[in-house]
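Given next are the chains, with one letter for each unit.
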Amino acid sequence: LVSWASQNERRFDGRLLCDRDNNFITPPSGLAGKWDDGEEYDSIAFLPHIVEEILTAQKYHPESIYGEWMERGWLDVTVEKERQRFTKLVRIREEKKAKSRQVRMLVIKKIGIEESED
């Protein structure tokens, strides 16, 4: 998942390219999530269907993987009405002048990214 994000970093809000008028360019394949630019990011947030496609293609069961990541403390999650989710609302923007919006995403903390690379 981390290597996929690195190969597709221009699909993440925070790492989008800009045109000459400084407007963000949303890739034709669409956004994959949110990942702040630079090395000082706290997490990488993925749209859930992206993670499911990647894990399923590798013959993993997403729900099982999410549970394991939760146990390791790798996910930043939301608890709503005493119900825990694997996702969290994340504010994204697709164009510089557009209003941001909140989208449910699977948020992997930087510690999880670093530990997965060891």
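Our structure's up above, just so we're on the same page.
Each residue is numbered by its place in its chain's sequence as written, counting from 1. At least 70 in pLDDT is required for a residue's local features to be given in this predicted model, at least 80 for side-chain atom pairs to be given and counted, and no such filter applies to totals for whole chains, interfaces and linings, which use all residues. The side-chain values count all of the structure's non-hydrogen atoms but skip hydrogen atoms and water molecules.

Comments concerning the packing of aromatic side chains
Just so we agree on the cut-off: Working definition: a ring pair exists when centres of Phe, Tyr or Trp rings (six-membered ring for Trp) sit within 6.5 Å. Plane angles under 30 degrees give stacked, over 60 give edge-to-face, the rest tilted. The buried label goes to any residue with under 20% of its type's maximum accessible area, the exposed label to any with over 50%, and the partly exposed label to all in between, with areas taken from a 1.4 Å probe on protein chains only. Charge-over-ring contacts are defined here by two conditions on Lys NZ or Arg CZ: a distance within 6 Å of the ring centre and an angle within 35 degrees of the ring normal.
Considering all chains together, one arrives at six aromatic pairs under this definition. Between Trp4 and Phe12, the aromatic rings sit 6.4 Å apart at their centres with planes inclined by 75°, giving edge-to-face as the arrangement. Pairing Trp35 with Tyr41 gives two aromatic rings, centres 5.7 Å apart and planes at 85°, and the pair type is edge-to-face. By relative accessible area, which is 10% here, Tyr41 ends up buried. Among the aromatic residues, those joined into a cluster by ring pairs are Trp4, Phe12, Trp35, Tyr41 and Phe46. A cation over an aromatic ring shows up here: Arg15 above the ring of Trp35, its NZ or CZ 3.7 Å from the ring centre. Directly above the ring of Trp74 sits Arg72, whose terminal nitrogen or CZ lies 4.9 Å from the centroid.

Overview of the side chain of Arg15
How we decide: Put simply, DSSP marks the helices as runs of H or I at least four residues long and the strands as runs of E at least two long, and each gets a number from the N terminus on. Pairs of N or O atoms are called polar contacts if they sit within 3.5 Å, as long as, within protein, a hydrogen donor faces a hydrogen acceptor (for residues adjacent in sequence, only side-chain-to-side-chain pairs). Should any heavy atoms of two residues lie within 4.5 Å, those residues are considered in contact.
Tracing the backbone through its elements, the reader meets Arg15 in the loop between strand S1 (12-13) and strand S2 (17-18). From its side chain, Arg15 meets the backbone oxygen of Gly38 in a polar contact 2.9 Å long. Apart from residues no more than four positions distant in its own chain, Arg15 is found in contact with Glu9, Arg10, Trp35, Asp36, Asp37, Gly38 and Tyr41.

Side note on unusual backbone geometry
Even without glycine at this site, Asn22 takes up a positive phi of about 65°. The residue Asn22 is located in the loop between S2 and strand S3 (24-25) in this model. Phi is positive for Lys59, close to 70°, though the residue is something other than glycine.

Focus on helix H3 (residues 62-72)
Rules: Note that the arc is defined by the directions from the helix axis to the C-beta atoms.
Buried residues of H3: Pro62, Ile65, Tyr66 and Trp69, and no others. On an axial view of H3, the arc spanned by its buried residues comes to 100°, and they lie on one face. Residues Glu63, Ser64 and Glu71 are exposed on H3 and point more than 90 degrees away from its buried face.

Describing the side chain of Asp13
Its location among the elements puts Asp13 in strand S1. Not counting chain neighbours up to four residues away, the residues in contact with Asp13 comprise Leu31, Gly33, Lys34, Trp35, Asp36, Arg91, Ile92 and Arg93.

Side note on a negative patch on the surface
Our working rule: A patch is a set of surface residues, each over 30% in relative accessible area and not in a salt bridge, joined within 9 Å for like charges and within 5 Å for the nonpolar side chains Val, Leu, Ile, Met, Phe, Trp and Tyr. To be clear on the numbers: accessible area is Shrake-Rupley with a 1.4 Å probe, and residue cover counts the displayed protein chains and nothing else. The term salt bridge refers to a side-chain nitrogen of Lys or Arg lying within 4 Å of a carboxyl oxygen of Asp or Glu. Only four residue types enter the tally: Lys and Arg on the positive side, Asp and Glu on the negative side; His and the chain ends are excluded. Where a charge lies is defined by one atom per residue type: Lys uses NZ, Arg uses CZ, Asp uses CG and Glu uses CD.
A contiguous patch of negative charge, built from Asp36, Asp37, Glu39, Glu40 and Asp42, is present on the exposed surface. As for its position among the elements, Glu39 is in the loop between strand S4 (33-35) and strand S5 (43-46).

Observations regarding the pairing of S5
To keep it simple, the criterion reads: Strands were regarded as paired on the criterion that DSSP finds at least two bridges between them.
Note that S4 and S5 share three bridges and pair antiparallel. Among the inter-strand pairings, Trp35 is bridged to a residue of S5, identified as Ile44. Bridge analysis of S5 against strand S10 (residues 101-109) gives four bridges, and the strand direction is antiparallel. Across the sheet, Phe46 pairs through a bridge with Leu106, a residue of S10.

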